[in-house]
Amino acid sequence: MTEQRTDRPDASRHDASPWWWGLGPIGGALLIVAGVLAGAWVFLELPGAPGESATGYYGAARVVAIGLVVGGGALLGRGRARGARAEGAEGTRERGDG
């Protein structure tokens, strides 16, 4: 019979989540702002902008899209958690516990 040790991290486990996972609504808003600024940088053809503007717009749009997903997901999660807490509080009032 073998015992499993839980005090040391398992070397076979790894975090497969993307780099933007867990940024929250503020991080999502910052990504949106960064994407808009990158798009403006390409539009104004400032130094460091890619030679072909479509490539720059594509990268900026990706950053904005990730920001929208991260921010929207975080806000939806907060709304659902708030609704669950309110629903739990109503259940305790109906029973007379609170």
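In what follows, the structure referred to is the one given above.
Residues numbered from 1 in each chain as written. Predicted model: local features only at pLDDT ≥ 70, side-chain atom pairs only at ≥ 80, totals over all residues. Heavy atoms only, no water.

## Here we look at unusual backbone geometry
Thought 1: Unlike most non-glycine residues, Glu45 shows phi in positive territory, near 55°.
Thought 2: With respect to the element layout, Glu45 can be found in the loop between α1 (24–43) and α2 (53–95).
Thought 3: On the accessibility criterion, Glu45 (68% relative accessible area) is exposed. (Helix = DSSP H or I, 4+ residues; strand = E, 2+ residues; numbered from the N terminus. Buried < 20%, exposed > 50% of the residue type's maximum accessible area, 1.4 Å probe, protein only.)

## What about α1?
Thought 1: Taking 1.5 Å per residue, 20 residues should reach 28 Å; α1 reaches 29 Å between its end C-alpha atoms and fits that length.
Thought 2: When α1 is considered as a whole, its buried residues turn out to be Gly24, Gly27, Gly28, Leu31, Gly35, Gly39 and Val42. All buried residues of α1 fall inside an arc of 115° around its axis, so they share one side. Residues of α1 that are exposed and point more than 90 degrees away from the buried face comprise Ile26, Leu30, Leu37 and Phe43.
Thought 3: Residue Glu45 follows α1 closely and has a positive phi angle near 55°. (Expected span 1.5 Å × (residues − 1). Arc of directions from axis to C-beta.)

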